[in-house]
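Descriptive analysis of the structure
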Amino acid sequence: MSNSKSAITLIVRIATAFLLATAQLPALARDDAPASVVQELVPFASDEGLARLARSNAKVDFPMLSNQFEPQSNGAFCGPTSAAIVLNAARGRDAGLPRDRSRLAAGDLKYIPSNFDPTIARFTQDNVIAKGQKTRAQVFGEPVTINGKRIQDFGYQVRQLDEMLRANGASTRLTIVGDEADEQTVRFELAENLKRRGDYVIVSYKRDAVGQHGGGHLSPLGAYDEASDSFLVLDVNPASAGWVWMSAATLVNGMRTFDTVENRGYIQVHAP
């Protein structure tokens with residue numbers, strides 16, 4: 001009889017422990033809430049990521065952007081890099097494009113004939129800055145006065161990038177995603193852009209609002225997959241995060257964040 005009582009007591013203890021453990025699961029789920037956002041980011045290089053591109057009917061920008069893609073050269077240049085990629089995609093064969101000689105050292109020209117220019121006419125993440133109002137020094141943190149305060153304003157706010165794109169000859173349409181912005185409207189505009197040839201879109205979002213590590217970031221969009229309701233973000237900083245499919249809700253959440261003077265948003269870009 002004592003053995004039976006001991007067995008029953010053990011079963012009761014196990015059952016009690018199980019009930020106590022499972023009772024804590026909802027609290028743990030709430031504590032791990034950000035993981036649900038991270039799960040919405042599907043790597044482009046995965047089987048699912050490639051399948052989304054294959055079935056997408058809003059991907060006409062992808063070939064040109066992929067052909068012109070380059071990673072940002074430093075942490076402050078996500079804006080200039082996105083601009084260079086999109087400008088080259090939109091205007092890459094135009095006459096009179098700028099030539100960037102900043103990457104040539106004096107020694108590189110030692111054996112080059114004096115009447116030959118080895119540079120290629122194209123936009124680069126260095127030369128696009130020169131025509132914009134924001135200086136290179138300010139991009140790297142030279143203090144500026146904004147709303148009466150002296151601050152460091154690293155990189156580019158989305159409106160500053162819009163001005164720089166127009167200064168480099170592009171036609172643009174800037175949309176700030178306000179706190180009350182309609183997700184359906186944003187989704188429609190972005191998806192329609194990705195169905196049209198000759199115009200492109202750059203998004204400004206906050207990384208930690210979409211399940212990534214880091215602060216503000218800018219990158220072009222490459223495609224939209226209606227079945228999964230997700231956009232392909234061609235991240236210009238592959239050292240930090242690769243190309244990912246991001247749900248429309250997550251992307252809007254990342255753009256609906258404050259940056260210095262106003263919310264972030266997106267820029268639609270096309271050749272004039």
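Everything quoted here is computed from the prediction, not taken from an experiment.

Quick word on the sheet that holds strand S5 (residues 199–206)
- Strand order in the open sheet formed by seven strands is S1-S8-S7-S6-S5-S11-S4, with antiparallel pairing between adjacent strands. Strands at the two margins of the open sheet, each flanked by one partner only, are strand S1 (42–43) and strand S4 (171–176).
- Here S4 runs beside strand S11 (residues 265–270); their pairing, made up of six bridges, is antiparallel. Directly across from Ile176, in S11, lies its bridge partner Gly265.
- Along the sheet, helix H8 (residues 158–167) contacts S4, S5, strand S6 (216–225) and S11; its crossing angle with S4, the most-contacted strand, is approximately 175°.
- In the packing of helix H9 (residues 183–193) onto the sheet, contacts are made with S4, S5, S6, strand S7 (230–233) and S11, and the angle to S11 comes to roughly 25°.

So, the confidence of the model for the chain
- In this model, the chain carries an average pLDDT of 87, and 86% of its residues clear a pLDDT of 70 or more.
- Throughout residues 1–39 the model reports pLDDT below 50, and contacts reaching past four residues in sequence, or to other chains, amount to four contacts.

A short note on unusual backbone geometry
- Unusually for a residue other than glycine, Asn147 sits at a positive phi of about 55°.
- Exposure remark for Asn147: the relative accessible area of 69% places this residue in the exposed category.
- Phi is positive for Thr260, close to 70°, though the residue is something other than glycine.
- With respect to the secondary-structure elements, Thr260 resides in the loop between strand S9 (258–259) and strand S10 (262–263).

Structural notes on the packing of helix H6 (residues 78–91) against H8
- Between H6 and H8, the shortest axis-to-axis distance is 11 Å and the interhelical angle comes to 40°. Helix-helix and strand crossings are classified by hand; for H6 and H8 the assignment is right-handed. Contact with H6, carried on its side by Gly79, Pro80, Ala83 and Leu87, involves Leu161, Met164 and Leu165 of H8 and no other residues of that element.
- Its residues placed into classes, the contact of H6 with H8 shows six nonpolar, one polar and no charged.

Focus on the side chain of Asp61
- The topology assignment puts Asp61 in the loop between helix H4 (47–55) and helix H5 (62–68).
- Buried charge without a salt bridge: Asp61, with Arg197 as the nearest opposite-charge side chain at an N-O distance of 7.2 Å.
- Apart from the residues lying within four places of it in its own chain, the contact partners of Asp61 are Asn193, Leu194, Arg196, Asp199, Tyr200 and Gly222.

Here we look at the pattern of salt bridges
- Enumeration according to the criterion identifies 19 salt bridges in this entry.
- Arg55 is the partner of Glu48 in a salt bridge, and the nearest nitrogen-oxygen pair spans 3.5 Å.
- Look at Glu48 and you get partly exposed, because its relative accessible area is 33%.
- Among the residues examined, Arg55 registers a relative accessible area of 43% and is labelled partly exposed.
- Between Arg173 and Glu189 there is a salt bridge, with the nearest N and O atoms lying 3.3 Å from each other. Of this pair, Arg173 sits in strand S4 while Glu189 sits in helix H9, placing them 16 residues apart in sequence.

Remarks on the packing of aromatic side chains
- Tallied over the entire structure, the rule returns six aromatic pairs.
- With a centroid separation of 5.8 Å and 50° between ring planes, the pair formed by Phe44 and Phe62 is classed as tilted. One end of the pair, Phe44, is in the loop between S1 and H4; the other, Phe62, is in helix H5, with 18 residues separating them in the sequence. Pair check on accessibility: Phe44 and Phe62 agree, each one buried.
- With 5.6 Å between their ring centres and 45° between their planes, Phe44 and Trp243 make a pair best called tilted. Note that Phe44 is positioned in the loop between S1 and H4 and Trp243 in the loop between S7 and strand S8 (244–247), a separation of 199 residues in sequence.
- The ring of Tyr156 carries Lys134 above its face, with NZ or CZ at 5.5 Å from the centroid.

Definitions and cut-offs
- Along each chain, numbering runs from 1 in the same order as the chain's sequence is written.
- Per-residue local features of the predicted model are confined to residues with pLDDT of at least 70, and side-chain atom pairs are confined, for both listing and counting, to 80 or more; whole-chain, interface and lining totals are unaffected and use all residues.
- Side-chain calculation: all heavy atoms of the structure are included, whereas hydrogens and water are not.
- DSSP-based pairing: two strands are paired if at least 2 bridges between them are found.
- Only DSSP runs of H or I reaching four residues or more are called helices, and only runs of E reaching two or more are called strands; each is numbered from the N terminus.
- In this description, contact between two residues means that some pair of their heavy atoms is separated by no more than 4.5 Å.
- For helices, the axis comes from a line fit to the C-alpha atoms of the stretch in contact; other axes are also lines fit to C-alpha atoms, and the angle between any two N-to-C directions lies between 0 and 180 degrees.
- The score called pLDDT rates the predictor's confidence residue by residue, from a low of 0 to a high of 100.
- Each residue gets one of three labels from its accessible area relative to the maximum for its type: buried under 20%, exposed over 50%, partly exposed in between, using a 1.4 Å probe on protein chains only.
- Each crossing gets its hand from how the near helix is turned against the far one by less than a right angle, where anticlockwise is left-handed and clockwise is right-handed.
- Residue classes follow a fixed rule: Ala, Val, Leu, Ile, Met, Phe, Trp, Tyr, Cys and Pro count as nonpolar, while Asp, Glu, Lys and Arg count as charged, and any other residue, Gly among them, counts as polar.
- In summary, the charge assignment counts Lys and Arg as positive and Asp and Glu as negative, without counting His or the chain termini.
- A side-chain nitrogen of Lys or Arg and a carboxyl oxygen of Asp or Glu constitute a salt bridge if their distance falls within 4 Å.
- Two rings from Phe, Tyr or Trp (for Trp, the six-membered ring) form a pair when their centres are within 6.5 Å of each other. A pair whose planes differ by under 30 degrees is stacked, one over 60 is edge-to-face, and the rest are tilted.
- Remark: a charge is flagged as sitting over a ring if the NZ atom of Lys or the CZ atom of Arg is within 6 Å of the ring centre and within 35 degrees of the ring normal.

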